[in-house]
Amino acid sequence: MNRTDGGGRPTGAGVNLLALRSHNTALVLDLLRTAGPVGISRLELAERTGLTPQAVSKITARLREEGLAAEAGHRASTGGKPRTVLRLVPDAGHAVGVHLDRDELRVVLADLDGRVVGERITSLSLGAGAETVLDAVVREVTAVTREAGEAGEAVGGFVGGGSGAAAMGGGPGSAAGRLALGTLLGVGVALPGPLDHARGVLQRVTGFPEWDGFPLRDVLAARLGAPVVVDKDTNAAALGLAVGGEPGSFACLHLGTGLGAGLVIGGTVHRGARTGAGEFGHQVIQLDGPPCTCGNRGCVEALCLAAIGRGDAAEAARVLGEAAANLAGLLDIDAVLLGGRTIAADPEPFVHGVAAVLDARARREGSPEGAVPVRLAPGGARGVAEGAAQLLLAPVFGRGDG
């Protein structure tokens, strides 16, 4: 990802070494994506990446051969012939984003710009068992890629194998259906944690202990015949926000059927040493509080969900605000963003209620800069699924490791 310092000099500059060719290509792709349909010239690419014009020419020639870049016209030059400008070809690559919630499955197909070009939603319980859940995921992923292929988004593809065939209309043991996108980079899956992002293995998913130790990434990749990345729903949502332009360090508090936090520190998703950061909902704030499905008592999640169950959104927001204030004080973040189905359904009391708690805390502490701002996260109910697609798309543009 390219950045400049106060004097306009590139701080994320490329390096003219063969070993870093993929890094330099990502820098160029990110600038092409940022430029949009109007495009950007090779000279501008060289200036903004710090690469030599020769290196940029080689990279852009390869991108054009691969169909990732195309001419976007010409621009007047200060001398000599007009400069050719290049643009990203958004439909040259796609990623599937899967949001596997406790009671719902949402699947989106996104192009290289992150634009959603296909979506499917169905009811599904995480407690229905691994085979049922995996069958549903394979079925919906296959359907959304087929629909896009039939609509002309892309052609070709590869065949997924394994026991998922039955879920896609084939008999047991038959070849699985075609993922009808030759441009498919892979599938990102986001679901409640905790889990091991690096290995794609679920841990004790709160409320669903039967998933403990399940190697979701490898099993699903074998059934789809495609690369799979697995992460927590909150991390996916936070990644989507960071890629979408949310600056600095922030916490994305996601309240749906559960409660968690996605943390972005310095523009990068913070997963922690064991990829377990962000278990925000299971901080205890009332020692003698109601029992939580995690085994503790008085967790923020349990208190919030109990208030929501009583129809008391104001109390839920107050509890969420106290926990958010603790987090803001601990990490000194720039902003708190609120997302998830529960908040999206009635955002006003949550945004105002959480902000009121942070304002009161800032006044008591005499903060010279005032309270950490609280905003509604963009994306609505689709935010996690879109972020899950970014688990595959973001690394293409050098935007973190996905």
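In this text the structure is predicted, and so the values were computed from the model without any measurement.

Regarding the packing of aromatic side chains
Applying the stated criterion to the full structure yields one aromatic pair. Both rings, one in Trp211 and one in Phe214, keep their centres 5.2 Å apart while their planes meet at 85 degrees; by these two values the pair is edge-to-face. Take Trp211: its relative accessible area is 3%, and that puts it in the buried class. When the ring centre of Phe397 is taken as origin, the NZ or CZ atom of Arg33, which lies over that ring, is 5.2 Å away.

Considering helix 2 (residues 42–49)
All buried positions along helix 2 are accounted for by Leu45, Ala46 and Thr49. Projected onto a plane normal to the axis of helix 2, the buried residues spread over an arc of 100 degrees and lie on a single side. The first or second residue beyond helix 2 is Gly50, which carries a positive phi of 85 degrees.

Notes on the environment of Leu320
When you line up the elements, Leu320 lands in helix 8 (residues 313–331). For Leu320, a relative accessible area of 0% translates into the label buried. A sequence separation of 20 residues divides Leu320 from Val300, and the C-alpha atoms of the two residues are 6.9 Å apart. Look past the residues within four positions of Leu320 in its chain and what remains in contact with it is Leu253, Leu259, Phe280, Cys304, Leu338, Ile343, Phe350 and Val354.

A look at the pairing of strand 13 (residues 250–255)
The two faces of the sheet receive side chains in turn, since in a regular strand these alternate between them. Of all six residues in strand 13, six are buried; the element is thus mostly enclosed. With burial as the criterion, each face of strand 13 is covered, one bearing Phe250, Cys252 and His254 and the other bearing Ala251, Leu253 and Leu255. In this sheet, strand 14 (residues 259–265) lies alongside strand 13 in antiparallel orientation, the contact comprising six bridges. Bridge pairing links Cys252 to Gly262 in strand 14. Between strand 13 and strand 14, which follow one another and run antiparallel, lie three residues.

Some details on the sheet that holds strand 3 (residues 83–88)
In spatial order, the strands read 1-3-2; together these three strands make up an open sheet with antiparallel pairing. Sheet topology places strand 1 (40–41) and strand 2 (69–75) at the edges, where each strand pairs with a single neighbour. Bridge analysis of strand 1 against strand 3 gives two bridges, and the strand direction is antiparallel. By the bridge assignment for strand 3, Ser41 is matched with Val85.

Description of the layout of surface pockets
Volume-wise, the largest pocket comes out at about 490 Å³. Considering the residues around the largest pocket, the lining is formed by 35 residues, among which Gly240, Leu241, Pro378, Gly379 and Glu386 are closest to the centre. Elements with a minimum of two residues in the lining of the largest pocket: strand 5 (104–111), helix 6 (233–243), strand 13, strand 16 (335–339), helix 9 (341–345) and helix 11 (383–396). Take the lining of the largest pocket: its biggest share by element is seven residues, from helix 11. Grouping the amino acids of the lining of the largest pocket by side-chain chemistry returns 18 nonpolar, 12 polar and five charged.

Re the nonpolar core
Grouped together as the largest cluster of nonpolar side chains are 42 residues, with contacts concentrated most on Val28, Leu29, Leu32, Leu45, Leu63 and Phe250. Elements supplying a minimum of two residues to this core: helix 1 (21–35), helix 2, helix 3 (53–65), strand 3, helix 6, strand 13, strand 16 and helix 11. With near-sequence residues (within four places) excluded, Phe250 lies in contact with Ala238, Leu241, Ala242, Gly262, Leu263, Val264, Ile333, Ala335 and Leu337. Core analysis: the next-biggest nonpolar cluster, separate from the first, contains 33 residues, Leu126, Val187, Leu224 and Val230 among them.

Details of the side chain of Arg271
Looking at the element boundaries, Arg271 is found in the loop between strand 15 (268–269) and helix 7 (300–309). Looking at Arg271, the relative accessible area reads 8%, which means it is buried. At 2.8 Å, the side chain of Arg271 forms a polar contact with the side chain of Asp231.

Rules used throughout
- Residues numbered from 1 in each chain as written.
- Predicted model: local features only at pLDDT ≥ 70, side-chain atom pairs only at ≥ 80, totals over all residues.
- Heavy atoms only, no water.
- Phe/Tyr/Trp six-rings, centres within 6.5 Å; stacked < 30°, edge-to-face > 60°.
- Buried < 20%, exposed > 50% of the residue type's maximum accessible area, 1.4 Å probe, protein only.
- Lys NZ or Arg CZ within 6 Å of the ring centre and 35° of its normal.
- Helix = DSSP H or I, 4+ residues; strand = E, 2+ residues; numbered from the N terminus.
- Arc of directions from axis to C-beta.
- Contact = heavy atoms within 4.5 Å.
- Pairing = 2+ DSSP bridges.
- 1 Å grid on protein atoms, 1.4 Å probe; cavity = no way out; pocket = protein on both sides within 12 Å on 5 of 7 lines; lining within 4 Å.
- Points joined across faces, edges and corners; volume = space filled by probe spheres on them.
- Nonpolar A, V, L, I, M, F, W, Y, C, P; charged D, E, K, R; others polar.
- Core = buried A, V, L, I, M, F, W, Y, C linked by side-chain atoms within 4.5 Å.
- Polar contact = N/O pair within 3.5 Å; in protein donor to acceptor, adjacent residues only side chain to side chain.

Without other data, these values stay purely geometric and don't point to any function.
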